[in-house]
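Single-letter residue listing:
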Amino acid sequence: MYVCMCNAVTDHDIRREVADGVRTFAELQARTGCSDCCGCCEPEARAILEQALTQVPFPLPLVAA
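Everything in this summary refers to the structure shown in the same document. Nothing here was measured: the structure is a model prediction, and the numbers come from that model.

1. A look at the environment of T32
Inspection of the secondary structure assignment puts T32 in helix α2 (residues 25–32). Note on T32: relative accessible area 18%, which makes it buried. For T32 and C4, which are 28 residues apart along the polypeptide, the C-alpha to C-alpha distance reads 9.6 Å. Those residues within four positions of T32 in sequence are excluded, and the remaining contacts are N7, V9 and E17. Within the structure, T32 has its side chain in polar contact with the backbone nitrogen of C34 (distance 3.1 Å).

Cut-offs applied
Along each chain, numbering runs from 1 in the same order as the chain's sequence is written. Where totals are concerned, whole chains, interfaces and linings use all residues; where local detail is concerned, this predicted model gives features only for residues with pLDDT of at least 70, and gives and counts side-chain atom pairs only at 80 or more. Side-chain numbers come from the whole structure's heavy atoms, not from hydrogens or water. By the criteria applied, helices consist of DSSP H or I runs no shorter than four residues and strands consist of E runs no shorter than two, each listed in order from the N terminus. Accessible area is worked out with a 1.4 Å probe on protein chains only. A residue is then buried under 20% of its type maximum, exposed over 50%, and partly exposed in between. The criterion used for residue contact is that any of the two residues' heavy atoms lie within 4.5 Å. Polar contacts, as used here, are pairs of N or O atoms within 3.5 Å; protein pairs need one atom able to donate a hydrogen and one able to accept it. Residues neighboring in sequence count only if both atoms are side-chain atoms.

Right under this line is the structure:
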């Protein structure tokens, strides 16, 4: 399903980015452009990102905020 219509980012794109190492919303935005235009998709994109992060099969590195 499309999450960000402005930049054609899907839920699969977000999960793939997490599998490729994305750990923060800022990283997701930098790689996909998700929520860079109107911002309407930000809550859904963040929710999908958080859900995908809980399914990463290895420990996440600590990242300073």
